[in-house]
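Tertiary structure, described
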Amino acid sequence: MKRGTTIYLYELAWILPSFAIPVGMLVALIVTAFGAGVHLVGVEGRIDPTKVGQTAPFDKPGLVEIAPGQYEVRMTAQIWTFAPNEIRVPAGSTVHFWATSKDVVHGLLIPRANVNVMLLPGQIAHAQARFDAPGEYPIICHEYCGIAHHTMAGKVIVEPRRTAEVAR
Ligand code: CUA
């Protein structure tokens, strides 16, 4: 009887974790997906890929301050440039990137800011990043888009805050 009990305990020691681990992973998945909002970058919208240059807000690519410390970049990608390809923001800014492609598939990668999205013609991609440290952050196209793909780059320039802005 004692021997049988021992075997039962060993079985229990295996069975419990084999239930607890998947249940724990499922709980973690649910909490991060719905509680913390962690998800894949999805399609934020679609526009006519043949009319990107005429469709707002991509008809006027550029940087817009939407609130103190909050910026929005309306960006288009085309062979082999980003528009705008240089962005200046003060340190501590949060930048929302809204981007799409005018021609072929491009990529938008800012390695030091954890921005990594594909830009498909007419499909609007969104990513956001906070830039705390002053400096230059390269913007890179990381989807092969033709002969000059390797030259397709831009940068985010994060400027140190001025004293007046810090006091604000
Ligand atoms: Cu655009 Cu590679």
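To start, this report covers the structure provided alongside it. Model, not experiment: these values are computed from the prediction.

So, how was this worked out
Residues numbered from 1 in each chain as written. Predicted model: local features only at pLDDT ≥ 70, side-chain atom pairs only at ≥ 80, totals over all residues. Heavy atoms only, no water. Helix = DSSP H or I, 4+ residues; strand = E, 2+ residues; numbered from the N terminus. Buried < 20%, exposed > 50% of the residue type's maximum accessible area, 1.4 Å probe, protein only. Contact = heavy atoms within 4.5 Å. Areas by Shrake-Rupley, 256 points an atom, 1.4 Å probe, with all protein chains shown as cover. Phe/Tyr/Trp six-rings, centres within 6.5 Å; stacked < 30°, edge-to-face > 60°. Lys NZ or Arg CZ within 6 Å of the ring centre and 35° of its normal. Salt bridge = Lys/Arg side-chain N within 4 Å of Asp/Glu carboxyl O. Core = buried A, V, L, I, M, F, W, Y, C linked by side-chain atoms within 4.5 Å. Pairing = 2+ DSSP bridges.

**Quick notes on the overall build of the chain**
Helix and strand counts for the chain stand at two helices and eleven strands. N-terminal to C-terminal, the α/β element order of the chain is α-β-β-β-β-β-β-β-β-β-β-β-α. Counting across all 168 residues of the chain, residues that qualify as buried make up 33%. Residue pairs in contact within the chain that sit at least 24 positions apart in sequence constitute 60% of those at least 6 positions apart. Carbon together with sulfur atoms contributes 64% to the accessible area of the chain, which is approximately 10,500 Å² in total.

**Comments concerning the packing of aromatic side chains**
Applying the stated criterion to the full structure yields one aromatic pair. Aromatic pair Phe131 and Tyr137: ring centres 4.9 Å apart, planes at 85°, arrangement edge-to-face. Over the ring of Tyr137 we find Arg112; its NZ or CZ atom is 4.3 Å from the centre of that ring.

**Section: the pattern of salt bridges**
Scanning all chains against the criterion turns up seven salt bridges. Taking the shortest distance from any N to any O, the salt bridge between Glu159 and Arg88 comes out at 2.9 Å. Here Glu159, found in strand β11 (residues 153-159), pairs with Arg88, found in strand β5 (residues 86-90); they are 71 residues apart in sequence, far enough to count as distant. By relative accessible area, Arg88 is classed as partly exposed at 45%. For Arg130, the salt bridge goes to Asp132, with nearest N and O atoms at 2.9 Å.

**Quick look at the nonpolar core**
Counting 28 residues, the largest nonpolar core has Phe82, Phe97, Leu108, Phe131 and Val156 as the members making the most contacts within it. Among the elements of the structure, β3 (70-78), β5, β6 (93-101), β7 (106-110), β8 (115-119), β9 (123-131), β10 (135-140) and β11 are those that each provide at least two residues to this core.

**Topic: the pairing of β6**
Along β6, eight of the nine residues are buried, which leaves the element largely enclosed by surrounding structure. Pairing between β3 and β6: eight bridges, direction parallel. Residue pairing in the sheet places Glu72 in a bridge with His96 of β6. Here β6 runs beside β9; their pairing, made up of seven bridges, is antiparallel. Its bridge partner being in β9, Trp98 is matched across the sheet by His126.

These results come straight from atomic positions and should not be treated as a statement about function.
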